[in-house]
Amino acid sequence: MTVNLEVAEGVGTLRLDRPPMNALDAATQDRLKELAEEATRREDVRAVVIYGGEKVFAAGADIKEMQAMDHTAMVLRARALQDAFTAVARIPKPVVAAVTGYALGGGCELALCADFRIAGENAKLGQPEILLGLIPGAGGTQRLPRLIGPSKAKDLIFTGRMVKADEALALGLVDRVVPADQVYEQAHAWAARLAQGPALALRAAKEAVDAGLETDIDTGLTVERNWFAGLFATEDRERGMRSFVEEGPGKAKFL
């Protein structure tokens, strides 16, 4: 399989496995969607790592496959492409991208679907579609400006240039840079820590933030208020507040 889901200690790793560059062809996109939806459903998956291996995250779409497609074929495929990435973005659990080597085009767009991005010192990210006479088609024109701002996003999209890990960190495109051989370890540790947390509250926090970014402040506050009040019906809220009163902050066990 070109994508696998491996689960350990509450963390599901979505592992891209299409050597040598993890090119995201149609079959890989469909498999990614399938496993993202599985990770969403599974109760034993409480946080997710997206990982392409030690050498490369994903170098982009399969250009040879795309070259053979005409307008009609891409009209039919474009929705499925976006749906695959949206399935990752909508996993209602903490998601971290562990980025090594190239994360270009669709690879960069896949990293954008995560809540947090840890990159290796060898990482190179970018949206080079303009160099093919195209624009990003898997969310790059929408998620990238929301993450780093419109002018910085336009610079990357208009020029198609790659940025190294240090510049990606300065831009806010990644959140942490570590030695390449520590990327997965640190991403898994981030996910494992959150996997021990209150699952419903984490889901509520993620959905409130994401929904708020798509709407006006008053609507966003309504979303927040409804989730905040709703969590008072959960066992995790009872456990967390009881632990705080009896033992002090930060000692509640949610599993």
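Everything here concerns the structure above.
Residues numbered from 1 in each chain as written. Predicted model: local features only at pLDDT ≥ 70, side-chain atom pairs only at ≥ 80, totals over all residues. Heavy atoms only, no water.

## Examining the sheet that holds strand S7 (residues 124–126)
Ordered in space as S5-S7-S8, the three strands form an open sheet in which the pairing is mixed. A strand with exactly one partner marks an edge of an open sheet, and here the two such strands are strand S5 (102–104) and strand S8 (162–164). Adjacent strand axes in the sheet meet at a mean angle of 20° when their direction is disregarded. With three bridges joining them, S5 and S7 adopt parallel strand pairing. Residue pairing in the sheet places leucine 104 in a bridge with glycine 126 of S7. (Pairing = 2+ DSSP bridges. Helix = DSSP H or I, 4+ residues; strand = E, 2+ residues; numbered from the N terminus. Axes fitted to C-alpha atoms, helices over the stretch in contact; angles between N-to-C directions.)

## Section: the pairing of strand S1 (residues 3–8)
Note: S1 against strand S2 (residues 11–16), six bridges, orientation antiparallel. Bridged to valine 3 within S2 is leucine 16. With antiparallel pairing between neighbouring strands as the criterion, S1 and S2 make up a hairpin whose turn holds two residues, including glutamate 9 at a positive phi of roughly 55°.

## Things to note about the sheet that holds strand S3 (residues 47–51)
Read from one edge to the other, the open sheet built from six strands follows the order S1-S2-S3-S4-S6-S9, with strand pairing classed as mixed. In this open sheet, the two strands that pair with only one neighbour each are S1 and strand S9 (176–178). Within this sheet the neighbouring strands show an average axis-to-axis angle of 20°, counted without direction. The sheet contact formed by strand S6 (residues 116–120) and S9 spans three bridges and is parallel.

## Notes on the packing of aromatic side chains
This model, assessed by the stated rule, comprises three aromatic pairs. Judged by centre distance (5.6 Å) and plane angle (70°), the rings of phenylalanine 228 and phenylalanine 232 are edge-to-face. Taking relative accessible area as the criterion, phenylalanine 228 reaches 56% and is therefore assigned exposed. For phenylalanine 232, a relative accessible area of 38% translates into the label partly exposed. (Phe/Tyr/Trp six-rings, centres within 6.5 Å; stacked < 30°, edge-to-face > 60°. Buried < 20%, exposed > 50% of the residue type's maximum accessible area, 1.4 Å probe, protein only.)

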